[in-house]
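Observations on chain architecture
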Amino acid sequence: MRIDRFSHLDWQGILSGIAQDVEPHLGQGRVADYIPALAEQDPRAFAMAFTSLRGETYAVGQSDRPFSIQSISKVFTLVLALQLEGEGLWSRVGREPSGTPFNSIVQLEREKGRPRNPFINAGAIAVTDSVVGHCGSASPAQTILSFVRRCAGSDAPAIDERVAASERDYGDRNRALGYFMKSFGVVKNAVPDVLDTYFSQCAIAMSAAELSRAGLFLAGGGNDPRTGEAISDHERVDRVNATMMLCGHYDMSGDFAFRVGLAGKSGVGGGILAVIPEVGCVTVWSPGLNAAGNSLAGTLALEWFSERTGVNLF
Ligand code: GLU
């Protein structure tokens, strides 16, 4: 296993060094303020966690404090939708970097309502629509939450109802994306149902430590090494990781790949999940965002993690 190549590393020591070095950068950037529930976050908060394929978790900072995972949820919904709908999902959503902001509508018209990738808002809404279409009488939001809990091996992840309500109150741009795609037949279910589910999934809260465990199957070829459970299959997980590498950081995906060299997905709550195939899953949380809406100190911390451990894929 690739993790054996890193057995000499002092993971905890490396994380502690990063936490110390990142200190002067905490509070830089801008906390997401499109909803009050996120605007209240402490701009100096920081957490980092790494769970290895051996199942051990190493963590620093406020790693047990739940935060709003926002767009990181899109990774779990994509895996779930691919499981429910199969590869046909790709006829509704592309897998090319967008080069546009997370909530942009401009490309959609030119490309006939088919979003560039599953990680911009439009693409994630199309993916959520797929889950809604497969849920029958079950609640799609609870189905997504249950899947996230299964990945995490814990019932701790929860929908923060206050954040979900705020998302709904300020969600007109996302609704516009939903109706626009519906007009092209890309979204098939009732837009209010799809958006309600989308807002709830974005409002899932969990800690950096839990998130690093939830993402472990992405590093383990679809298997959770702690339980031996197959959460997805190898080929699918490889493709989700490739999509994350190219599209996981909006119009700064190239910058993240250049600096960190790992597949990663960010959320406007300040979290980032990054996958190191056959090694483990590393997460950070720091709410100050750069111009593209990705955690500023979090990206820096992951850049150092990659440099200091040598886990960069290239
Ligand atoms: N709830 C956010 C939105 O849909 C998610 C954006 C993000 O995390 O990038 O606007």
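Fair warning: this is a prediction, and the values are worked out from it, not measured in the lab.

**Details of the overall build of the protein chain**
- Scanning the protein chain from terminus to terminus reveals 14 helices and ten strands.
- The C-alpha atoms of the protein chain give 18 Å as radius of gyration, which agrees with the globular expectation for 314 residues (20 Å, within 12%).
- Over its C-alpha atoms, taken along the principal directions, the protein chain stretches across nearly 55 × 40 × 35 Å.
- In the protein chain, once contacts between residues fewer than 6 apart in sequence are set aside, the share between residues at least 24 apart is 69%.
- Total accessible area on the protein chain is roughly 11700 Å²; 50% of this is exposed by carbon and sulfur atoms.

**Some words on helix α14 (residues 296–309)**
- Along its 14 residues, α14 runs 20 Å from first to last C-alpha, staying within 8% of the 20 Å computed at 1.5 Å per residue.
- Burial analysis of α14 places eleven of its 14 residues in the buried class, the great majority of the element.
- Here α14 has its buried residues at Ala297, Gly298, Thr299, Leu300, Ala301, Leu302, Glu303, Trp304, Phe305, Ser306 and Thr309.
- Looking at the buried side of α14, the elements it contacts are α1 (11–22), β1 (47–52), α13 (253–260), β9 (271–276) and β10 (280–285).
- A positive backbone phi angle near 80° is found at Gly310, which sits one or two residues after α14.

**Quick look at the pairing of β9**
- When you tally the buried positions in β9, you get six out of six residues, the bulk of the element.
- The side-chain alternation of β9 yields two buried faces, one formed by Gly271, Leu273 and Val275 and the other by Ile272, Ala274 and Ile276.
- Where strand β8 (residues 263–266) meets β9, four bridges bridge the pair, whose relative direction is antiparallel. Its bridge partner lying in β9, Lys265 is registered against Leu273.
- Linkage of β8 to β9, two consecutive antiparallel strands, is achieved through a turn of four residues, within which Gly270 is found at a positive phi near 100°.
- Direction of pairing for β9 relative to β10: antiparallel, over a ladder of six bridges. Paired with Val275 across the two strands is Cys281, which belongs to β10.

**Considering the site of the ligand**
- Around the ligand, the structure places Tyr34, Gln70, Ser71, Phe102, Asn121, Glu167, Asn174, Tyr198, Cys202, Tyr250, Gly267 and Val268.
- Taking Tyr34, its side chain carries an N or O atom lying 3.1 Å from a nitrogen atom of the ligand.
- Here an oxygen atom of the ligand and a side-chain polar atom of Asn121 are 3.0 Å apart.
- Considering the ligand on its own, with 300 Å² of exposed area, one finds that the protein chains cover 97% of that surface.
- Per-class residue counts for the shell around the ligand are six nonpolar, five polar and one charged.

**Topic: unusual backbone geometry**
- Notably, Gln70 is not glycine yet its phi reads approximately 45°, a positive angle.
- One can find Gln70 in the loop between β3 (67–68) and α3 (73–85).
- Taking the relative accessible area as the measure of exposure, Gln70 reaches 2% and is therefore buried.
- The backbone of Tyr250 shows a phi angle near 55°, a positive value even though the residue is not glycine.
- One can find Tyr250 in the loop between α12 (234–247) and α13.
- Classification of Tyr250 as buried rests on a relative accessible area of 3%.

**Let's talk about the sheet that holds β10**
- Here five strands make up an open sheet; going across it, the order is β2-β1-β10-β9-β8 and the pairing antiparallel. Of all the strands in the sheet, the pair left with one neighbour each is β2 (57–61) and β8. Each adjacent strand pair in this sheet contributes to an overall mean axis angle of 10°, direction not counted.
- Sheet strands touched by α12: β8 and β9. Its angle to β8, the strand with the most contacts, is close to 65°.

**A closer look at the state of the cysteines**
- According to the stated counting rule, one finds zero disulfides in the structure shown.
- Between Cys135, a free cysteine, and Cys151, which holds the nearest cysteine sulfur, the sulfur-to-sulfur gap is 15 Å.
- With no disulfide of its own, Cys281 lies closest to Cys151 among cysteine sulfurs, the gap being 11 Å.
- Under the relative-accessibility criterion, Cys281 is labelled buried at 0%.

The rules behind these values
Residues numbered from 1 in each chain as written. Predicted model: local features only at pLDDT ≥ 70, side-chain atom pairs only at ≥ 80, totals over all residues. Heavy atoms only, no water. Helix = DSSP H or I, 4+ residues; strand = E, 2+ residues; numbered from the N terminus. Rg over C-alpha atoms; globule rule 2.2 N^0.38 Å. Contact = heavy atoms within 4.5 Å. Areas by Shrake-Rupley, 256 points an atom, 1.4 Å probe, with all protein chains shown as cover. Expected span 1.5 Å × (residues − 1). Buried < 20%, exposed > 50% of the residue type's maximum accessible area, 1.4 Å probe, protein only. Pairing = 2+ DSSP bridges. Near = heavy atom within 4 Å. Polar contact = N/O pair within 3.5 Å; in protein donor to acceptor, adjacent residues only side chain to side chain. Nonpolar A, V, L, I, M, F, W, Y, C, P; charged D, E, K, R; others polar. Axes fitted to C-alpha atoms, helices over the stretch in contact; angles between N-to-C directions. Disulfide = S-S within 2.5 Å.

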